[in-house]
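Fold and geometry: a report
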Amino acid sequence: MAENEVHCLGKVMQFETINSPKVADVIVSQIEQLILDGVLKPGERLSPERELAQELNVSRPSLREAITTLKSRGLLRSARGRETLCGGHHRADPDGSLDRVA
């Protein structure tokens, strides 16, 4: 973290810059961990977007961004209609040689 010098009441104080993670990145981390831990199984359906956003207490655009990221990593995939399923191969095995889960 970068430090910033702040002058307050004649004193010089050092504060570290606070960098909050994007909400979508936090969602990605949570869902990715559930997949990697085997809690979400291959082919398992995620809750509908509206419900999942409410369960996570996040906005739907943030959730959509996270789902897009997870799809690009091969951890989620789209199914018929608007369903989102767990699937693809794990990031630790990008070529899928150890574990095909789609």
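The structure contained in this document is the topic of the report that follows. (Residues numbered from 1 in each chain as written. Predicted model: local features only at pLDDT ≥ 70, side-chain atom pairs only at ≥ 80, totals over all residues. Heavy atoms only, no water.)

**Looking at the overall build of the protein chain**
Scanning the protein chain from N- to C-terminus turns up 3 helices and 4 strands. The linear arrangement of helices and strands in the protein chain, starting from the amino end, is β-β-α-α-α-β-β. Every one of the 102 residues in the protein chain was classed for burial, and the buried ones make up 27%. Residue pairs at least 24 apart in sequence account for 38% of intrachain contacts in the protein chain once pairs closer than 6 positions are excluded. Accessible area of the protein chain: about 7,300 Å², with a carbon and sulfur share of 52%. (Helix = DSSP H or I, 4+ residues; strand = E, 2+ residues; numbered from the N terminus. Buried < 20%, exposed > 50% of the residue type's maximum accessible area, 1.4 Å probe, protein only. Contact = heavy atoms within 4.5 Å. Areas by Shrake-Rupley, 256 points an atom, 1.4 Å probe, with all protein chains shown as cover.)

**Focus on the pattern of salt bridges**
Side chains carrying opposite charge are able to pair once their charged atoms draw close together. Inspection of the entire model under this criterion finds 4 salt bridges. Residues Lys 22 and Glu 65 are paired through a salt bridge, measuring 2.6 Å at the closest nitrogen-oxygen approach. With Lys 22 in the loop between β2 (11-16) and α1 (23-36) and Glu 65 in helix α3 (residues 60-72), the pair connects residues that are 43 residues apart, well separated along the chain. Among the salt bridges present, the one from Arg 73 reaches Glu 32, with a minimum N-O distance of 3.2 Å. Note that Arg 73 is positioned in the loop between α3 and β3 (76-78) and Glu 32 in helix α1, a separation of 41 residues in sequence. Note on Arg 73: relative accessible area 34%, which makes it partly exposed. (Salt bridge = Lys/Arg side-chain N within 4 Å of Asp/Glu carboxyl O.)

**What about the layout of surface pockets?**
When its volume is computed, the second largest pocket comes out at roughly 170 Å³. Taken together, Gln 30, Ile 31, Leu 34, Leu 40, Arg 45, Leu 46, Ser 47, Leu 52, Glu 55 and Leu 56 form the lining of the second largest pocket. When contributions to the lining of the second largest pocket are tallied by element, the ones reaching two or more residues are α1 and α2 (49-56). (1 Å grid on protein atoms, 1.4 Å probe; cavity = no way out; pocket = protein on both sides within 12 Å on 5 of 7 lines; lining within 4 Å. Points joined across faces, edges and corners; volume = space filled by probe spheres on them.)

**Here's the deal with the environment of Thr 69**
Summarising the element assignment, Thr 69 is placed in helix α3. Separated by 45 residues in the primary sequence, Thr 69 and Ala 24 have C-alpha atoms spaced 8.8 Å apart.

**Topic: α3**
When the terminal C-alpha atoms of α3 are compared, their 18 Å separation across 13 residues agrees well with the 18 Å that a helix rising 1.5 Å per residue should span. Listing the buried residues of α3 in full gives Ser 62, Leu 63, Ala 66, Ile 67 and Leu 70. End-on, the buried residues of α3 take up no more than an arc of 135°, which puts them together on one face. Of the residues in α3, the exposed ones pointing more than 90 degrees away from the buried face are Pro 61, Thr 68 and Ser 72. Backbone geometry just after α3 places Gly 74 at a positive phi near 80°. (Expected span 1.5 Å × (residues − 1). Arc of directions from axis to C-beta.)

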